[in-house]
Amino acid sequence: MKNISADFKTVATSEWEIGAIYAYDIIHNGAQDLSLYRHHTKESLVEQLKRYTLSNNGKTPMTEKGLRNMPMSKLKRILAAINRTNNLGDITRIHANDLPEGDILTYSFPCQDLSIAGNWHHNTGGIDRDANNRSTLLWEINRLLDEYEEIDKDMPRFLLMENVSEILSNKNKGNFKEWCSILESMGYHNKIYTLDARNFGVPQMRVRTYMLSVLTETNSKERKIEDYFKENNLQNIKNDPETLANYLKLDYSKEEYLEEAKKSTPRFTESRQKIYESNLTLAIDNNIISDYARTITTKQDRNPNSGIIKYEKESWMEKNRYYRNLTPRECFLLMGFDERQFDVLKKNNTIIGKNREMITDAKMIKLAGNSIVVPVLESIFKQFLDLDQLIG
């Protein structure tokens, strides 16, 4: 992590969406060396990849036919990303004895069935074990920790959960309380935070709930952990957010910013008029008028969205183009990523097949919306470091 003076090494990941697998690899490991895969045929690539449950959209698994329809260059990049990040694939197919030794286990799960928006799509089961929806992937962590105990494997010393704050709502609190009780029975002390990115310097109104679980082992360690969290409550942090000028790329004299802005400028339609009229205006031309953006979600061309930039004087503006949405670059920056990291990802976002990039702009925005704000995550990991030294 960029602002923590300690070495963290990711020993394994669990992800099934192709875009997320590739982006994570490039951001953390840089350009791939595909010469290592030069002896592969399409058949051998498909044979290796079909061992994993992969998804092109994060919702449904790909078929073997879907893999065979991909160009070889894309198949090689997917396999290289899986290998370089030790991606074990679908969480439902992973067992405790598959996991390497590690101190920290982080987990999240799709929020659609937790959130208020889920009710619009009749996703009312929340995290109930029997709901049979995406959010019940939470209980796969329960299964894995049970397996740790069954095979007498050392439990991870720290667990970190992140999700939308609706996990604490009346609809979900019973099941969430059950989960907390299970962790306590396994010897974990749980600390729940609800944190706003703005308090960590990022000008984005993003509120998320986190649970830090620390393996206690003894009563004396339990007391030390309790005292630590009382004295170091992250909810007490109230830093002022930076100006949006550090995040919005409004200098259109730079060609890459101009091209990205053009691609994020939709043609004005009746539905987009509603977006224009009802959403937060972040800037007019290159003049910033808001202190922060709304939550970065998985889609920007929608109502509501994270905020828009209106046009009044831009000479390059085309007819029927009155505003733009946030660009993928701006979404990544508002999640706390370095611009350098985005540039590495963009540089390696290779054209695959019929002039289609490995990760489309729409998927870039989706990846940003599904991320955790980096400074918030760094503050949590600093607490893990403190606790590691405190309880030994």
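Conventions we followed
Each chain has its residues counted from 1, following the order in which its sequence is written. In view of the model being predicted, local features appear only for residues whose pLDDT reaches at least 70, and side-chain atom pairs are presented and counted only at 80 or more, with totals across whole chains, interfaces and linings using the full set of residues. Only hydrogens and water are set aside; all other atoms, that is, all heavy atoms of the structure, feed into the side-chain values. For the purposes of this entry, the term helix denotes a DSSP run of H or I that reaches at least four residues, the term strand denotes a run of E that reaches at least two, and both are numbered from the N terminus. Taken over C-alpha atoms, the radius of gyration is set against a globule rule of 2.2 Å times the number of residues to the power 0.38. Relative accessibility thresholds used throughout: buried, under 20% of the residue-type maximum; exposed, over 50%; partly exposed, between the two (1.4 Å probe, protein chains only). Whether two residues are in contact is decided by their heavy atoms, any of which lying within 4.5 Å being enough. One bridge is not enough; two strands pair if DSSP finds at least two bridges between them. Every angle, taken between N-to-C directions, lies between 0 and 180 degrees, and every axis is a line fitted to C-alpha atoms, over only the stretch in contact when it is a helix. By convention in these notes, a salt bridge is any Lys or Arg side-chain nitrogen within 4 Å of a carboxyl oxygen on Asp or Glu. Put simply, a nonpolar core is a bunch of buried Ala, Val, Leu, Ile, Met, Phe, Trp, Tyr and Cys residues held in one set by side-chain atoms that sit within 4.5 Å of each other. This arc is built from the directions going out from the helix axis to the C-beta atoms. By convention, a stacked pair of Phe, Tyr or Trp rings (six-membered ring in the case of Trp) has centres within 6.5 Å and planes under 30 degrees apart, an edge-to-face pair has planes over 60 apart, and any other such pair is tilted. Two conditions define a charge sitting above a ring: the NZ of Lys or the CZ of Arg must be within 6 Å of the ring centre, and it must be within 35 degrees of the ring normal.

Draft legend 1. Summary view of the overall build of the protein. A count of helices and strands for the protein gives 14 helices and 12 strands. Rg of the C-alpha trace for the protein: 22 Å, near the compact-globule value of 21 Å for 392 residues, within the 12% margin. Principal-axis analysis of the C-alpha atoms gives the protein an extent of 70 × 55 × 45 Å. Within the protein, the proportion of its 392 residues that are buried is 48%. Here the contacts in the protein between residues at least 6 apart in sequence split such that 76% fall between residues at least 24 apart.

Draft legend 2. Just the environment of Asp25, in detail. Structurally, Asp25 is set in helix α1 (residues 18-29). Taking the relative accessible area as the measure of exposure, Asp25 reaches 0% and is therefore buried. Distance in space between the C-alpha atoms of Asp25 and Gly187 is 34 Å, their sequence separation being 162 residues. Those residues in contact with Asp25 that sit more than four places away from it in its chain are Gly30, Gln32, Ala80, Ala81, Arg84 and Thr85.

Draft legend 3. Broad picture of the pairing of strand β2 (residues 158-164). Counting buried positions along β2 gives 7 out of 7 residues, so the element sits mostly inside the fold. Two elements, strand β1 (residues 104-107) and β2, share 4 bridges in a ladder whose sense is parallel. Directly across from Leu105, in β2, lies its bridge partner Leu159. Here 7 bridges tie β2 to strand β5 (residues 207-215), and the two strands are oriented antiparallel to one another. Across the sheet, the residue bridging to Leu160 is Leu212, located in β5.

Draft legend 4. Structural detail: the sheet that holds strand β3 (residues 188-196). Strand order across the open sheet formed by 4 strands is β1-β2-β5-β3, with mixed pairing between neighbours. Both outer strands of the open sheet, β1 and β3, are each paired with one neighbouring strand and no more. Sheet twist, expressed as the average angle between the axes of neighbouring strands with direction ignored, equals 15°. Across 9 bridges, the pairing between β3 and β5 is antiparallel. Considered in β5, the bridge of Tyr188 is made with Leu215. Contacting β1, β2, β3 and β5, helix α7 (residues 173-185) crosses the sheet at an angle of about 140° to β3. The strands that helix α8 (residues 219-231) touches are β3 and β5; relative to β3, the one it contacts most, it runs at about 10°.

Draft legend 5. Up close: the pattern of salt bridges. Taken as a whole and judged by the stated rule, the model has 21 salt bridges. Here Glu260 ties to Lys346 by a salt bridge, and the two come within 2.5 Å at their closest N and O atoms. One end of the pair, Glu260, is in helix α9 (residues 255-263); the other, Lys346, is in helix α12 (residues 339-347), and 86 residues separate them in sequence. The class of Glu260 is buried, set by a relative accessible area of 8%.

Draft legend 6. Up close: the nonpolar core. Within the largest apolar cluster, 72 residues are counted, with the highest numbers of intra-cluster contacts made by Leu54 and Phe332. Excluding anything up to four places from it in sequence, Phe332 contacts Ile27, Phe337, Phe342, Leu345, Met364, Leu367 and Ala368.

Draft legend 7. Structural context of helix α2 (residues 42-49). Among the residues making up α2, those that are buried are Leu45, Val46 and Leu49. Buried residues of α2, viewed axially, fall in a sector of 95°; they line one side. The inward-facing, buried residues of α2 contact α3 (64-68) and α4 (72-84).

Draft legend 8. Looking closely at the packing of aromatic side chains. Scanning the entire structure with this criterion turns up 13 aromatic pairs. Consider the rings of Tyr276 and Tyr323, whose centres lie 6.0 Å apart with planes at 50°: the pair is tilted. Taken as a pair, Tyr276 in helix α10 (residues 270-278) and Tyr323 in strand β10 (residues 323-324) lie far apart in primary sequence, 47 residues in all. For the pair Phe381 and Phe384, a centre-to-centre distance of 5.7 Å together with 70° between the ring planes defines the contact as edge-to-face. Of this pair, Phe381 and Phe384 both sit in helix α14 (residues 374-391), 3 residues apart, which is roughly one turn of that helix. Take Phe381 and Phe384: they sit in the same class, and that class is buried. An aromatic cluster is defined as three or more aromatic residues linked by ring pairs; in this entry it consists of Phe8, Phe158, Phe381 and Phe384. Sitting above the plane of the Tyr292 ring, Arg198 keeps its charged end 4.4 Å from the centroid.

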